[in-house]
Amino acid sequence: MTPDLHNELTARKAELLSFLKGTSLATGAQPPTVKRVPRAGELSLSFAQMRLWLLNELERGSVAYNLPSLVHLRGNLDLAALDCSLSEIVRRHEILRTYYSSAGGHPVPMIASPEPFQVSVVDLQGLSEAAREKEAARLALVDARQPFDLGKAPLIRATLLKLAAEEQVLLLNVHHIAFDGWSHGVFLKELSVLYKAFLQGQASPLPDLPIQYADFAAWQREWLQGDVLKRQLDYWKERLSGSLPVLELPTDHPRPPAQTYNGETVSFVFSKTLTDALKSLSQREDVTLFVTLLAAFKVLLLRYTGQVDMLVGTPIANRNRAEIEGLIGFFVNTLAMRTDLSGNPTFRELMQRVKDTALGAYAHQDLPFEKLVEELNPKRDISRSPIFQVMLSFLSPAQPLELPGLEPSRLEFHGEGAQFDLSLYLGETGQGVTGWFSYNTDLFGKGTIERMVEHYRTLLEGITARPESKLSELPLLTLPERHRMLVEWNDTRVDYPEDVLLHQLFEAQAERTPGAVVLAGPSLTQASTSQASWTYAELNQRANALAHYLQTLGVGPDVLVAVCMERTVEMVVGLLAVLKAGGAYVPLDPAYPRERLAFILEDTQVPVVLTQQRIAPFLPGYHGRVVCLDDPNLQVEIQKLTGDDFRFSSNSGDASHLAYVLYTSGSTGKPKGVEICHRAVVNFLSSMRAAPGMAAQDTLLSVTTPSFDIFGLEIWLPLTTGAKVVIAPEEVTRDGRELAALMRQSGATVMQATPSTWRLLLESGWEGNRHLKILCGGEAWPPQLAEQLLPKCASLWNMYGPTETTIWSTLHRVTRADAAVPIGRPIANTQVYVLDGRRQLVPAGVVGELYIGGSGLARGYFARPELTAERFVESPFAANARLYRTGDRARWLPDGTLECLGRVDQQVKIRGFRIEPGEVEAALARHPAVGQCVVVARDDARGEKILA
């Protein structure tokens, strides 16, 4: 961090005066002249000094307020003249030899007597050129990291690195409590004059200073009270009324519980062409370059966060009195620039809003920021800086250093401190606008800030080209970034059998392996202690017979058939038969609340319900055909029908017809039916065969209710790949020990479950299986789950996907226990986009809403055209294509994987169907398995919370 931290262009002083001239804001009592106060009594700290002293007490050893700088000196340096010059500067300016004693926790400034100041010299001439440069950089960093002791004077140090006979680097470091950007200019000006005089054996030509910083501090305390203080406070209290916005920039690392000041910087230069265009725009719109750059920075923050109430801090030199212009000291003040960005204005309109904000702030700049914080007394969050978390500073050109016999040049060096989450420092040079971002390394990675620089550059280029554009229309992404998001990260095109129906995949597999066991589990026609076990041929024959029967009941393409059964092998026959008959199944969990079952049956008007004798009496108000698959009379009737054909030859529609309609709760809690076509399921299964993958020798243990869409993977993936599926009884899925025993007995090599089920197993003492492939999804991953599961399996996969995009849409193989588990990349023939509120691409690392497109998209919502139009929207990236709005917050990671950050509208999932947060208690009260099921509520701020 350089001494120019809080400096502004000297020219801006005139600009500010012109801003204020003739406005009502400039009215008010003129402050008295700063006068010298006696040194015999107790001196005062300025408001700004008091804040730094308190921060130093809280953060002993912090270097956030060190102000280091480097000057390269080529030529013959007179070290004695340099020592004398620095000694004289320290003598002239009491603030550099002021230290702060603590009396009962109260700081008291003490001024040390002048003493000769001597520069430390480190001779590096004996090293090679490369070694010298490396060692010089190391020493500069060591010096920047060396804290000051505010209880000892002087609060300035200087080190000379001797590189060669006529080449050296001067390291200067001053604590901010005694120094600011303007002070650096005063320091260099005086050094130039004094070095020249002492080199020639002359006395100091500089007159003694009539006042010192201690006099300003006393004047500030005395003047800023009463009506003067009230006028200033009234303005700022009005501007900062209400709830102050907290800028929620997307971070790379979790925010530490207490604010840290570890920082690094990323520098940049904007071209002369861009700079000239920005200056030209500023002139046309009658604003300063600072206002234009600040407005653009606020647009950048808007596009990163979506927040329209924007607070950005900016420093002001606060040297608006002639008698203090030549003093070294901590005068700089900080202004809180609050701007309303709502309504998606044009950039031209925003420039005027920012200009108006600046006008008012400049007219009330005398109120110290520290006093404002004290008066507002905002609710303190020790993990963030108060009032604002981001700063923009416009720097003045560096004061030239003129030393006879030497060629001085400033070396870029910003130290490692970060006073805020993010600070942007800008200035204008002959090259153009230059600057750097200072960022907290506990929050951001360097790559994120480097991308931010390019986004700011792209934004400025778009602004100068079309300042009349709405804020949402201004370009943000670079062309390479846009190509990565639209093309490279969504290059998922894979051939698959687009015209094949789901059950035809099963039939083809049954022809290949008719004698292989495909299905095992509880049966309605056998004792509860025994397990049925069927081959592909047997399952196919049973399903064919039932399909013929269903067709006699009028089941055909797009005819819905409800399946409300316990988890048995007959349930699978029912599902498969509905498809073979050409219909689409609607799975109903018998454990659903009766009102939910009644709603779905009424909504779908299904002509047929497949169920069992125990459940049929509980189907509320249904007047259609009830088919109980465990009815012996039905079995006799079905056996009269042909069921021997492997391929069901009757017309069963095409791949655009529905395979199933699955009901979920929406944002209102009202169930809605998601219509999924055969083609979507076939694409999904084709992708899953490749990864995570399934082979004929695999056994999948099914633990999910059929009313949860991920059940589709558990049944159809094994049935279409020659593998075997074992259905776990309902009661076993709720008992960790019984489930672990069934996993061992079945020889399961694949199991898919929610994080809640995996935690249930872990808590029961499950030891794992090194041959097991774990598929996990449907809920947010709790902390430590990946770490616990990885040693217990062959591979671990995180799966993500809404029902509306067919089961899973992205997947990620988990290989390490990261704090957050990504949801990975899109599966085959699927596109994913992270968009802002106006459906614009957001940069990698920035949070937006996740949209999904491609072959997995549902047809829509059953009999809900308005809701379908709301959630399935036109794609802005491809003609005649749709995207599904997931309602999930997500962001791209730099490597092209996705991270999901929870619901936009927070929801709770209970055993596979979603319940709104306000309905949790009622849902628990009416759910039959209350006390046995695990309910997980996602809380983005604190992770996951177990409710019951």
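The numbers attached to residues start from 1 for each chain and follow its sequence in the written order. Selection of residues for local features in this predicted model requires a pLDDT of at least 70, selection of side-chain atom pairs for listing and counting requires 80 or more, and totals for whole chains, interfaces and linings are taken over all residues. To get the side-chain values, all heavy atoms of the structure are used, and hydrogens and water are removed first.

Draft legend 1. How the structure looks around the overall build of the protein chain. A run of H or I in DSSP counts as a helix once it spans at least four residues, and a run of E counts as a strand once it spans at least two, with each numbered from the N terminus. Along the backbone of the protein chain there are 26 helices and 38 strands. With the principal axes as the frame, the protein chain shows a C-alpha extent of 120 × 65 × 55 Å. Residue burial in the protein chain is summarised as follows: out of 948 residues, 59% are buried. Sequence separation of at least 24 residues holds for 72% of the intrachain contacts in the protein chain that already meet a minimum separation of 6. Only four residue types enter the tally: Lys and Arg on the positive side, Asp and Glu on the negative side; His and the chain ends are excluded. To locate a charge, take atom NZ for lysine, CZ for arginine, CG for aspartate or CD for glutamate. Placing the 93 positive and 107 negative side-chain charges of the protein chain at their respective mean positions leaves the two points 1 Å apart. Note on classification: 1.4 Å probe, protein chains only; a residue is buried when its accessible area is under 20% of the maximum for its type, exposed when over 50%, partly exposed between these limits. Only heavy atoms enter the contact rule, under which two residues are in contact if any of them lie within 4.5 Å.

Draft legend 2. Examining the sheet that holds strand S22 (residues 699–702) more closely. When DSSP locates at least two bridges between a pair of strands, those strands are taken to pair. On the basis of which strands lie adjacent, the open sheet formed by nine strands has the order S15-S14-S23-S22-S24-S25-S26-S27-S28 and mixed pairing. Either end of the sheet is taken by a strand with one partner, and the two such strands are strand S15 (532–535) and strand S28 (825–826). Alignment of strand S27 (residues 810–814) against S28, held across two bridges, turns out to be antiparallel. Across the sheet, residue Thr810 finds its bridge partner in S28, namely Pro826. Between N-to-C directions, angles span 0 to 180 degrees; the directions come from axes that are lines fitted to C-alpha atoms, helices contributing only their stretch in contact. Seen against the sheet, helix H15 (residues 536–552) touches strand S14 (517–521) and S15 and runs at an angle of roughly 90° to S15.

Draft legend 3. Examining the nonpolar core more closely. Counting 230 residues, the largest nonpolar core has Leu96, Phe187, Phe297, Phe347, Tyr456, Leu610 and Trp716 as its most contacted members. If we ignore the near neighbours within four places in the chain, the residues touching Phe297 are Val312, Val390, Met391, Leu392, Leu422, Leu424, Phe437 and Tyr456. By nonpolar core we mean a set of buried residues, namely Ala, Val, Leu, Ile, Met, Phe, Trp, Tyr and Cys, connected to one another through side-chain atoms within 4.5 Å. Of all hydrophobic cores here, the second largest spans 28 residues; its members include Ala520, Leu772, Leu789 and Val814.

Draft legend 4. Examining the environment of Asn262 more closely. By secondary structure assignment, the location of Asn262 is in the loop between helix H7 (226–239) and strand S7 (263–269). A C-alpha to C-alpha distance of 8.2 Å links Asn262 and Tyr439, two positions 177 residues apart in sequence. A distance of 2.9 Å separates polar atoms of two side chains, one belonging to Asn262 and the other to Asp442. Polar contact is defined as a pair of N or O atoms within 3.5 Å, subject to the rule that within protein one atom must be able to donate a hydrogen and the other to accept it, and that residues adjacent in sequence are counted only when both atoms are side-chain atoms.

Draft legend 5. Seen up close, the packing of H15 against helix H18 (residues 632–639). Viewed as axis vectors pointing N to C, H15 and H18 meet at an angle of 95°, and their least axial separation amounts to 9 Å. Classified by the angle their axes make, H15 and H18 are roughly perpendicular. Contacts from Ala545, Leu546 and Tyr549 in H15 reach Leu634, Glu637 and Ile638 in H18. A per-class count over the contact of H15 with H18 returns five nonpolar, no polar and one charged. In this scheme, roughly parallel covers angles under 35 degrees and roughly antiparallel covers those over 145, while 65 to 115 is roughly perpendicular and the rest are oblique. As a working rule, the residues Ala, Val, Leu, Ile, Met, Phe, Trp, Tyr, Cys and Pro are called nonpolar, Asp, Glu, Lys and Arg charged, and the rest polar, with Gly in that last group.

Draft legend 6. Local environment of the pattern of salt bridges. Salt bridge, as used here: a side-chain nitrogen of Lys or Arg that lies within 4 Å of a carboxyl oxygen of Asp or Glu. Summed over the entire model, instances satisfying the criterion amount to 40 salt bridges. Among the ionic pairs, Arg60 bridges to Glu57, the shortest N-O distance being 2.7 Å. Owing to a relative accessible area of 31%, Glu57 belongs among the partly exposed residues under this scheme. Here Lys672 and Glu804 are joined by a salt bridge, their closest N and O atoms 4.0 Å apart. Residue Lys672 is found in strand S21 (residues 671–677), and its partner Glu804 is found in the loop between strand S26 (795–800) and S27; the two are separated by 132 residues along the sequence.

Draft legend 7. Structural detail: the sheet that holds strand S1 (residues 66–75). If you walk across this open sheet you meet the five strands as S4-S5-S6-S1-S11, and the pairing is mixed. For this open sheet the edge positions go to strand S4 (120–123) and strand S11 (406–411), each flanked by a neighbour on one side alone. Geometrically, the sheet is characterised by an average inter-axis angle of 25° between neighbouring strands, direction not taken into account. Where S1 meets S11, six bridges bridge the pair, whose relative direction is antiparallel. Bridging from a neighbouring strand, Arg74 pairs with Glu407 of S11.

Draft legend 8. Focus on unusual backbone geometry. The omega torsion of the bond from Ala153 to Pro154 falls at -5°, within 30 degrees of zero and hence cis. Mapped onto the elements of the fold, Pro154 is located in the loop between helix H4 (129–144) and strand S5 (156–164). With a phi angle near 50°, Asn344 is a residue other than glycine that sits in the positive phi range. Residue position: Asn344 is located in the loop between strand S9 (333–340) and helix H10 (347–363).

Draft legend 9. The arrangement of the packing of helix H22 (residues 736–746) against helix H23 (residues 755–763) in detail. Direction vectors running N to C along H22 and H23 enclose 90°, while the axes themselves pass 8 Å from each other. As judged from the angle between their axes, H22 and H23 are roughly perpendicular. On the side of H22, the interface is formed by Gly736, Leu739, Ala740 and Met743, while H23 contributes Thr757, Trp758, Leu760 and Leu761. Counted by class, the contact of H22 with H23 contains six nonpolar, two polar and no charged residues.

Draft legend 10. Geometry of the packing of aromatic side chains. For this analysis, a ring pair means two rings from Phe, Tyr or Trp (six-membered ring only for Trp) whose centres lie within 6.5 Å, classed as stacked if their planes differ by under 30 degrees, edge-to-face if by over 60, and tilted for the remaining angles. Summed over all chains, the structure comprises 24 aromatic pairs. Members of the aromatic cluster, each reached through a chain of ring pairs, are Tyr213, Phe216, Trp219, Trp223 and Phe331. Directly above the ring of Tyr592 sits Arg596, whose terminal nitrogen or CZ lies 4.5 Å from the centroid. We count a charge as sitting over a ring when the NZ of a lysine or the CZ of an arginine lies within 6 Å of the ring centre and within 35 degrees of the ring normal.

Draft legend 11. Spotlight on the confidence of the model for the protein chain. Of the residues in the protein chain, 90% reach a pLDDT of 70 or more, and the chain-wide mean stands at 89. One confidence number per residue, pLDDT, is output by the predictor and ranges from 0 to 100. Scored below 50 in pLDDT, residues 1–27 shows 81 contacts in the model against residues more than four places distant or in partner chains. Within the model, pLDDT remains below 50 along residues 906–948, and this stretch shows 89 contacts once partners closer than five positions in the same chain are excluded.

Draft legend 12. Representation of helix H5 (residues 181–199). In this model, H5 (19 residues) spans 27 Å end to end at C-alpha, consistent with the 27 Å of a helix rising 1.5 Å per residue. Where H5 begins, the capping side chain belongs to Asp180, and its oxygen is found 3.4 Å from the backbone nitrogen of Trp182. Trailing H5 by a residue or two, Gly201 shows a phi angle of about 75°, which is positive. Multiplying one less than the number of residues by 1.5 Å gives the expected span of a helix.

Draft legend 13. The environment of Arg91, seen in detail. Mapped onto the elements of the fold, Arg91 is located in helix H3 (residues 79–92). Taking the C-alpha atoms as reference points, Arg91 and Lys35, separated by 56 residues in sequence, lie 20 Å from one another. When near neighbours in sequence (up to four residues on either side) are disregarded, Arg91 contacts Arg97, Pro114 and Asp208.

Draft legend 14. Representation of the state of the cysteines in the model. Cysteine sulfur atoms that pair up within 2.5 Å are treated as a disulfide. The tally for this structure, following the rule as stated, stands at zero disulfides. Left unpaired, Cys900 is separated from the closest cysteine sulfur, that of Cys776, by 13 Å.

Draft legend 15. Spotlight on helix H9 (residues 289–305). Taking 1.5 Å of rise per residue, the 17 residues of H9 would be expected to cover 24 Å, and the 24 Å separating its terminal C-alpha atoms lies within 8% of that figure. Counting buried residues along H9, 16 of its 17 residues qualify, which places the element largely inside the surrounding structure. Looking one or two places after H9, you find Gly306, whose phi comes out positive at around 80°.

Draft legend 16. How the structure looks around the side chain of Thr159. On the secondary structure map, Thr159 appears in strand S5. When residues no more than four places from it in sequence are discounted, the contact partners of Thr159 are Val119, Ser120, Val122, Asp143, Val169, Leu170 and Leu171.

Draft legend 17. Expanded view of the environment of Ile774. Looking at where Ile774 falls in the secondary structure, it is placed in strand S25 (residues 773–777). Considered as a pair, Ile774 and Thr346 are 428 residues apart in the sequence and their alpha carbons are 51 Å apart. The residues touching Ile774, leaving out its near neighbours within four places in the chain, are Met751, Trp758, Trp766, Leu789, Cys793, Ser795, Leu796 and Trp797.

Draft legend 18. Looking closely at the side chain of Thr803. With respect to the helices, strands and loops of the structure, Thr803 is situated in the loop between S26 and S27. The exposure class of Thr803 is buried, given its relative accessible area of 5%. There is a polar contact of 3.2 Å between the side chain of Thr803 and the side chain of Asp709. If we skip the residues at most four places from it in the chain, Thr803 touches Leu662, Thr664, Val674, Ile676 and Asp709.

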